[in-house]
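Breakdown of the fold
The primary structure of each chain is shown beneath.
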Amino acid sequence: MLFRKSCRCAWGAGLLSLALLGAARADDLTELPLEQLMNTEVLSAARFARQVTDAASAVSLLTAQDIQALGLRTLGEVLDQMRGLQVSADTSYLYLGARGFGGPGAYAGRVLMLVDGVPASDNLFDQIFLGHDALIDVAMIDRIEYAPGAGSAMYGNNAFLGVINIVTRRGRDLNGLEAAVSGGRNGDGKLRLSWGQRADNGAEWLASLTLHANDGTPSSDLGKIPYEDSDAEAWQLLLKGQWQAFSLQLLSSARTVRSQYPSVPATTSQQDGGHVVSLGHDHSFDDGALAGWRSSVRAQLGGQRYNYDVDLQGYHGSIRAEGAWWSLDTQASYEGWQRQRVVLGLRLREDPKLHYDQVDSGYPDENLAMHRRSLGLSVEDELRLSEQLVATLGLRADRRTNVDWTYSPRAAMVWTPLPDWQFKGSLGRATRFASAAEESFGLSPQDHGEHVLHRELATEYRHDTLRWLATVYDYRVSEMIWPDQDITALRGHGLELEAEWQWQGLRLRASQAFQRSHNNLGNELAYSPHHISKLQLSVPLDGERWRLSAAVRRTSSYLPTWDGYTPKDLVPVPSSTRVDLTLQALKLIGPLDLTIGLRNAGNTPEHGLDPYMGTPAEMGRKVRYGWIELRGHF
């Protein structure tokens, strides 16, 4: 039975010729004071907005200005620039790793991703899409936040080793029409049209459609996969509106990949698609018996589909997987006390459709179906013990079909001995339930979830245009949901450092992660490098009319996939250093902005995909990649 998806994607049309039809102006990349950046409301560190410095986690964030300056074009590229995160790939998808856990087959890597508070993983494989198949175009991101650590106490399933929240742009941020067109190597092309507005009565809306094509790789900067002849096409749609206390949002995406293997001969076709709709209402009670209370209600529904077909010399096989879900997420907070704040939460969710059909001309057909319900209750109590000391206690109780009540507690402390210094500590337990695929769509129901005990200490300093932080952590995963019955536990620990500095338009950010992870057998985890170093530098030229940015990532060696190998057979992926360059010109021609990107400028060999290459000659490919984009605002 095949539950691991595979994809061969591309579309060879170049959209660069459409540049004369429209383009988009990037937001002015004027200097964003670090003090203002640090006071940005963070939505992932707590469900109701609070300041970065109030969050018990060592939060990292990238803004729209950072994303534009660095020329980041997929979610995978964005997350690969953030502290401690690692993005890897097979020939089909990008995969997220956090704190030494992740890689192909791990799908979401035990990290929860939210888009404006809405879960962005599918309900078939618990996968988050990070490449050209992502649910949202990164051009629509206002900021992206990463809060590492166990977050299940407030967020529930999959908030295992961290929470990522994507905050999208609003109608007022566009205030008109934006258009962008780009093209690059490997048949890469992209066209985006976005339109947003804010009315005089305060109502605002935004609509954005992105079309993309390439030669089939999940991310263009991976280079061409040498043993396939493929084409792929994708689209992403975002609709959102807000009026008074009500909000409505639609996210939808789809990607189709067609591949041909003339030497076999064989052809394959794969489709991924999903959508999420969210209707929300937020209200603050300013007087009366409910004075001091705030409420938030979100009704959400979504769906996911996956189709795969293969034809091989008279043999035909196909897979059809489809899922649907709905949820009601309610929260209430009371802030009427001077030194205490309480947040209560209730989440109801049902997955009425989880279908898997496999047709194989050589074997009996498989038609599987399951459904499940879940209930979550949460409480968080934030208590200000003194002007310098804040304590937070949280507890979540979850129950799901076939799984009895499980509890996720969390305790955190934030100490501010001096205006520029903070010390943060947290201890929490998080839960992850099995995905539909891990339960074989009803054939192998799981009566328990995975659990992680996560401990973290952090210190943070910020003053004017300088910020740095250091954090140490340790976690232990137990009651594994794992295909290998001998693997019952995982253990990881590490140290993460990050620093930011701004001066007269220059922006510098650096991070360093030291990490170790292994299972109960003493074997190191695959796709878990010991060292991850990142450096981003953005320099204005000629005022702010031109900007040159560089991003450097160095990853130490790590073990590749374990599939079909014993540990002694594994050949480590060697360490590598990658340099990406981006040049921007604002209002180069009328309202048009120009961006030129060069990825892997040093042409460093790509060994991460070696386990998927057919011959030794195809391994260690050099994947320097260039692209150009025009943008404009009308």
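The rules we used
Residues numbered from 1 in each chain as written. Predicted model: local features only at pLDDT ≥ 70, side-chain atom pairs only at ≥ 80, totals over all residues. Heavy atoms only, no water. Pairing = 2+ DSSP bridges. Helix = DSSP H or I, 4+ residues; strand = E, 2+ residues; numbered from the N terminus. Core = buried A, V, L, I, M, F, W, Y, C linked by side-chain atoms within 4.5 Å. Buried < 20%, exposed > 50% of the residue type's maximum accessible area, 1.4 Å probe, protein only. Contact = heavy atoms within 4.5 Å. Phe/Tyr/Trp six-rings, centres within 6.5 Å; stacked < 30°, edge-to-face > 60°.

1. Considering the pairing of strand 12 (residues 204–214)
- Sheet topology note: the strand 11 (residues 188–198)/strand 12 ladder contains ten bridges and is antiparallel. Its bridge partner lying in strand 12, Trp 195 is registered against Ala 207.
- Counting the residues that bridge the hairpin from strand 11 to strand 12 gives five residues, and of these Gly 202 lies at a positive phi of roughly 95°.
- One ladder, built from eleven bridges, connects strand 12 with strand 13 (residues 229–243); its direction is antiparallel. Its bridge partner lying in strand 13, Leu 209 is registered against Leu 237.

2. What to know about the sheet that holds strand 6 (residues 112–115)
- Taken in spatial order, the five strands of this open sheet run 3-8-9-6-7, and their pairing is mixed. Unpaired on one side and paired on the other, strand 3 (60–63) and strand 7 (118–119) mark the two borders of the sheet.
- Relative to strand 9 (residues 162–168), strand 6 runs parallel, the two sharing four bridges. Bridged to Leu 112 within strand 9 is Val 163.

3. Re the nonpolar core
- In terms of nonpolar packing, the biggest core is built from 47 residues, with Leu 75, Leu 79, Leu 96, Met 113, Ile 144 and Ile 164 touching the most fellow members.
- Elements with a contribution of two residues or more to this core: helix 3 (75–79), strand 4 (85–89), strand 5 (94–98), strand 6, strand 8 (141–148) and strand 9.
- Apart from the residues lying within four places of it in its own chain, the contact partners of Ile 164 are Leu 79, Leu 85, Leu 96, Val 111, Leu 112, Met 113, Leu 114, Ile 144, Glu 145 and Tyr 146.

4. Quick notes on the packing of aromatic side chains
- This structure, assessed with the given rule, holds 15 aromatic pairs.
- Ring centres of Phe 125 and Tyr 306 lie 6.2 Å apart, and the angle between their planes is 85°; this geometry places the pair in the edge-to-face category. Separated by 181 residues along the polypeptide, Phe 125 in the loop between strand 7 and strand 8 and Tyr 306 in strand 16 (residues 293–312) bring together distant segments of the chain.
- By relative accessible area, which is 3% here, Phe 125 ends up buried.
- Its relative accessible area of 2% is what places Tyr 306 among the buried residues.
- Ring geometry for Trp 421 against Tyr 461: centres 5.0 Å apart, planes inclined by 55°, an arrangement best described as tilted. Of this pair, Trp 421 sits in strand 22 (residues 421–432) while Tyr 461 sits in strand 23 (residues 450–463); the two residues are 40 residues apart in sequence, bridging distant segments of the chain.

These figures capture arrangement, not role.
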